Every structure is written in C-alpha cells, then in structure tokens.
Amino acid sequence: MRIVFMGTPEFAVPSLKRLIADGHEIAAVYTQPDKPKNRGMKLTFSPVKEAALAHGIPVAQPQSLREEGALETLAAFRPELMVVAAYGKILPRPFFELPPLGCINVHSSLLPRYRGAAPINWAVINGERETGVTIMDIAEALDSGDILAQASTPIDPDETVETLHDRLAEMGADLLSETVDKIAAGTVCRTPQDDSLATYASMLSRALSPIDWSHSARAIHDQVRGLVPWPATTAQVGGQTFKVFATQVTGEKTGKPGGTLLGTDDRGILMACGDGGVLRITEVQAPGKKRMQAADYLRGHPLT
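So, how was this worked out
- Residues numbered from 1 in each chain as written.
- Predicted model: local features only at pLDDT ≥ 70, side-chain atom pairs only at ≥ 80, totals over all residues.
- Heavy atoms only, no water.
- Phe/Tyr/Trp six-rings, centres within 6.5 Å; stacked < 30°, edge-to-face > 60°.
- Lys NZ or Arg CZ within 6 Å of the ring centre and 35° of its normal.
- Buried < 20%, exposed > 50% of the residue type's maximum accessible area, 1.4 Å probe, protein only.
- Helix = DSSP H or I, 4+ residues; strand = E, 2+ residues; numbered from the N terminus.
- Arc of directions from axis to C-beta.
- Salt bridge = Lys/Arg side-chain N within 4 Å of Asp/Glu carboxyl O.
- Patch = residues over 30% accessible without salt bridge, like charges linked within 9 Å, V, L, I, M, F, W, Y side chains within 5 Å.
- Areas by Shrake-Rupley, 256 points an atom, 1.4 Å probe, with all protein chains shown as cover.
- Lys, Arg positive; Asp, Glu negative; His and termini not counted.
- Charge placed at Lys NZ, Arg CZ, Asp CG, Glu CD.
- Core = buried A, V, L, I, M, F, W, Y, C linked by side-chain atoms within 4.5 Å.
- Contact = heavy atoms within 4.5 Å.

Q: I'm lost on the packing of aromatic side chains in this one. Help?
A: For any pair of aromatic rings, the description rests on two quantities: the centre-to-centre distance and the angle between the ring planes. A complete count under the given rule lists two aromatic pairs for this structure. A cation over a ring is seen here: Lys 49 above Phe 45, with NZ or CZ 3.8 Å from the ring centre. The side chain of Arg 291 reaches across the aromatic face of Phe 245, ending 4.1 Å from its centre.

In structure tokens form, the structure reads like this:
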C-alpha cells in the first residue's frame, strides 16, 4: 500500500519502521520543522525524520498545513492511506479526506479516555492501573474519530512514564500493522466513540511540577513517576529546592504534618505526606548538580 506517514517524536518511530518492514511503500514522511537545541542552538532533526532519512524516504516539514500549496504537495505524493502518530499538528479536513482509504491515527490511550497531547503522562499521574493504544479514524474534533482497534496493558504501581511510553510505542506499531492489513482487505470494523466518556490529557508544563505535600503519599508518587524526565516534580526540602525524579511509598505512617522532613536513611529522604503516609525520595537533582541517587547526594550534603 502507498502510505504517507506523519509523526515527530520517538513514540512514532516504531510505527514507521513497522510499516516499512511490512513492505508498504512510504511515499513521504511529514514531521515537525527542525528545532534549535542545547546551548549551541544547533538545528536538530526529529526522531521520525532521522528514521525516514535512514531509509531514503522523502521528508516534508511544512510550518503550517494551511500554507499555500500544502494540500497540493500532499496530493502529489498520491497516498492511498495516511497514518498519523504524534505528529503535533492538527490536520485540516481536506488533508484527512484526501486518501481514498482514509487517514488513521495511532493514539496512546484507550479512547475515549485521555484525548489530547499527553495521554501517557496523565494516565500515570492519575494513578490508572490500565492503559493502552487505539487506532482510530482521524476526525475534525480532537481524537474523536471511530475506533478501528485497541490493545490494553496494565500499569505497574511503580512504573514510570518512560518505560510505559516505550511499551505503548511498540504496541502501537503491532496494532497498526494488523489494522492496515485489515484496511487493505476491506475487513476493518469501525466503532463510534462515546463522547460522554471522554477525558482530556492536556499538554505538560512546569506549572505541574511543585509537589503539594498535603496530598497522599500515593498521589505524590504518581505525580513524580508521571512527570519524568520532563518537566519533573520539584520540592523544597531542608531549605533547598530539588527536582525529584524517583520516590517510594514506604507504607509507614506518621503524625507529622505533610511536608515535614522526617529524616534520612541509607536509601534517601523521608517526607511526611497529607494522609499520614511516608514517602522516600530516592533520586534528586539539586541546584547546580547532576541528577543522582538521593543517598549519594546525602553523603556530601546532610539535611536537617
């Protein structure tokens, strides 16, 4: 099948590689424009662009899909099907209506839950015990198209968004492969979403970072593991502001108010939480320091 693929971050790379491995003709790859990065502000390719170039696939990087000639450029690639995976741009209706076999999207949640930009993070932050991937038709409203296929996976209570992201990316590639085969065979089934069950996964920002110690130990733990590596949670401990990258719910109880520094041990920093639970901070980044195990930091910087 002749396919135009649209994607940008690491999440989309397994899906692109699977389509290539399955023998489909990737007519072009659309991805976000190159962006300056790090202190040198050197222009950096997206992970999807790097994968496309490695396979000799033409790459398009329009600033806007509404710019003059953008639709004509897409039409010139003559796609039978379009596949979108975390592209980062909203497709105007003429774009997703152009391919004769449609335009489908790989989304990292069990729709209609967690429509939007950061579904993996919010599933972890909210303490969900299950999530998954959905292949759906692109529609005008955000992530609202008919569901073509879904696959689920449990979320371990201590799993971070990093490991979950990688697992969902591979699951999405597997499910995409199966769905494209069904589209080609004319056997795919479409199930409309129940909009009354929809929830929204907003973009991440540093406004989510500060830890509120009046919350439960479990809720804070979920916040920490849902915001790594960016924007990461932050906390004031012993008069210093740390980035917090890993924690443990100890199961212990205390009568101290939430936010009280209870002490340290050979594994990290012990903090009181709003439900009386105790949370151990095990990985931190102090101002001007590298990310490190809290125990290593404490050896040279004792807290009181």
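Q: Would you mind going over helix H2 (residues 47–54) with me for this structure?
A: When we look at burial in H2, the residues that qualify are Val 48, Lys 49, Ala 51 and Ala 52. Around the axis of H2, the buried residues are gathered within 160 degrees of arc, so they sit on the same side. Downstream of H2 by a residue or two, Gly 56 has a phi angle that is positive, lying close to 70 degrees.

Q: Could you clarify how one ought to interpret unusual backbone geometry in this entry?
A: Residues other than glycine predominantly adopt negative phi, and peptide bonds predominantly adopt the trans conformation. Put simply, Leu 111 and Pro 112 share a cis peptide bond, and its omega is 10 degrees. Within the element layout of this structure, Pro 112 appears in the loop between strand E7 (103–107) and strand E8 (115–116). Residue Pro 231 is bonded to the preceding Trp 230 through a cis peptide linkage, with omega at 5 degrees. One non-glycine residue with positive phi stands out, namely Tyr 114, at about 60 degrees. Mapped onto the elements, Tyr 114 comes out in the loop between E7 and E8. Even without being glycine, Asp 143 reaches a positive phi, approximately 50 degrees. If you trace the backbone, Asp 143 turns up in the loop between strand E9 (130–137) and strand E10 (147–154). Residue classification places Asp 143 among the buried positions, given a relative accessible area of 11%.

Q: How should I be thinking about the pattern of salt bridges in this particular structure?
A: A pair can form between side chains of opposite charge whenever their charged atoms are brought close. For the coordinates displayed, the defined rule picks out 15 salt bridges. For the salt bridge of Arg 225 with Asp 222, the shortest nitrogen-to-oxygen distance reads 3.0 Å. Of this pair, Arg 225 and Asp 222 both sit in helix H7 (residues 217–226), separated by three residues, roughly a single helical turn. Like Asp 222, Arg 225 is buried. The salt bridge involving Asp 296 is made with Arg 299; its shortest N-O contact spans 2.3 Å. Here the residue Asp 296 and the residue Arg 299 both occupy positions in helix H8 (residues 294–300), the gap between them amounting to three residues, near one helical turn. Salt bridges sharing partners connect three or more residues here, namely Arg 93, Glu 97 and Glu 140.

Q: Would you mind going over a negative patch on the surface with me for this structure?
A: On the surface, a cluster of negative charge is contributed by Glu 10, Glu 50, Glu 162, Asp 166 and Glu 170. If one sorts the elements of the negative patch by residue count, helix H6 (residues 161–185) sits on top with three residues. Relative to the helices and strands, Glu 50 resides in helix H2.

Q: What should I look at first to understand the nonpolar core in this one?
A: If you look at soluble globular proteins, the nonpolar side chains tend to sit buried side by side. Judged by nonpolar contacts, the single largest core of 46 residues is most densely connected at Phe 5, Val 83 and Ile 104. Looking at this core, the element that brings in the most residues is H6, giving nine residues. In contact with Ile 104, other than residues within four places in its own chain, are Leu 81, Met 82, Val 83, Val 84, Ile 135, Met 136, Asp 137, Ile 138, Leu 148, Leu 176, Val 180 and Ile 183. Counting residues in hydrophobic clusters, the runner-up holds 20 residues, among them Ala 217, Val 244, Ile 281 and Ala 286.

Any functional reading would require information that these geometric values do not contain.
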